[in-house]
Amino acid sequence: MLFRSSLAAHASRSAIDIDWDIVELEWRFIKQQVGAPADLPMPPIRLAKLPPGARMMFQFPLTDDDEPMAIDIAPATLTQFTREMLDWALGHELTHYAFIMRENDWDTARTKFDHAVYNRHHCNREFMTITKAIADIVWNSYHSERQRYAMWDQVQRSCQMQPDQ
C-alpha cells in the first residue's frame, strides 16, 4: 500500500493509524525551516517489511539500486511506539527527505540520486535543531513531558548511534 500525503488524499491515508494533522504540521514546519518550495509534496508513507530491528526508514533511489523514494514503517511499529514517538519519528524521516531534496536542488522529477551527494544528517546541527523542534510540535498537541524528553533524547541518540546517516 502506498500513501502520498496531501489534504486531498486524507481519506486514503487514514489506513495508516497515525496523527496526520500533526504530520502535516511537522511537514509545513520542516519545509519552512529548510527553504523548500511550498508545494513540495511529502514522499509516499507506507507500511513495509523492514530489516530486523528497523522500525521506520526513509529510503531514496541511489545510482546502484531501484528503491523508490519513500518512508517505510514496519507494521509492528504502529503498536510498539507511542503515538507521540511515532509522530516524531515521521517528522525525523521527513527531515531526511527535505535535506535530500535540498541537496539535489528540489528536483522532484529525479529518479536516481548520487550517493556522493548525500550528506550525513544525524549530527548536522540544523538537522538536530529541526528534529528537536518537532518534539515541541508534538508536545503542543499531547502535552506529555515524558514523551518530549524521550524525543529530545532520540535526537542525541541518533547522532551518537548513527552518525553516518
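What comes next is a walk through the structure.

Cut-off values and rules
Residues numbered from 1 in each chain as written. Predicted model: local features only at pLDDT ≥ 70, side-chain atom pairs only at ≥ 80, totals over all residues. Heavy atoms only, no water. Salt bridge = Lys/Arg side-chain N within 4 Å of Asp/Glu carboxyl O. Helix = DSSP H or I, 4+ residues; strand = E, 2+ residues; numbered from the N terminus. Buried < 20%, exposed > 50% of the residue type's maximum accessible area, 1.4 Å probe, protein only. Axes fitted to C-alpha atoms, helices over the stretch in contact; angles between N-to-C directions. Parallel < 35°, antiparallel > 145°, perpendicular 65-115°, else oblique. Left-handed = near helix turned anticlockwise from the far one by under 90°. Contact = heavy atoms within 4.5 Å. Nonpolar A, V, L, I, M, F, W, Y, C, P; charged D, E, K, R; others polar.

**Some words on the pattern of salt bridges**
Here comes step 1: Tallying each qualifying case throughout the model produces four salt bridges.
Here comes step 2: Two residues, Arg 46 and Asp 72, come together in a salt bridge whose shortest N-O distance is 2.3 Å. Within this pair, whereas Arg 46 is found in strand 2 (residues 44–47), its partner Asp 72 is found in strand 4 (residues 70–73), the two being separated by 26 residues in sequence. Taken as a pair, Arg 46 and Asp 72 share a single burial class, namely buried.
Here comes step 3: A salt bridge links Asp 136 to Arg 148, with the shortest nitrogen-to-oxygen separation between them at 3.2 Å. With Asp 136 in helix 5 (residues 125–142) and Arg 148 in helix 6 (residues 145–161), this residue pair connects regions lying 12 residues apart in the sequence.

**Here's the deal with the packing of helix 2 (residues 20–34) against helix 4 (residues 83–103)**
Here comes step 1: Orientation of helix 2 relative to helix 4, taken along the N-to-C sense of each, is 30°, at an axis distance of 10 Å. It follows from the interaxial angle that helix 2 and helix 4 lie roughly parallel. The element helix 2 and its partner helix 4 pack so that their crossing is right-handed. Together, Ile 22, Val 23, Glu 26, Trp 27, Ile 30 and Val 34 of helix 2 and Asp 87, Trp 88, Leu 90, Gly 91, Leu 94, Thr 95, Tyr 97, Ala 98, Phe 99 and Arg 102 of helix 4 make up the contact between the two elements.
Here comes step 2: Residues of the contact of helix 2 with helix 4, tallied by class, amount to 11 nonpolar, two polar and three charged.

**As for the packing of helix 5 against helix 6**
Here comes step 1: Between helix 5 and helix 6, the shortest axis-to-axis distance is 9 Å and the interhelical angle comes to 165°. What the angle tells us is that helix 5 and helix 6 run roughly antiparallel. Where helix 5 crosses over helix 6, the two elements pack in a sense that is right-handed. Contacts between helix 5 and helix 6 pair Met 128, Thr 131, Lys 132, Ala 135, Asp 136, Val 138 and Trp 139 from the former with Glu 145, Arg 148, Met 151, Trp 152, Val 155, Gln 156 and Cys 159 from the latter.

Purely geometric stuff here, so don't read any function into it on its own.
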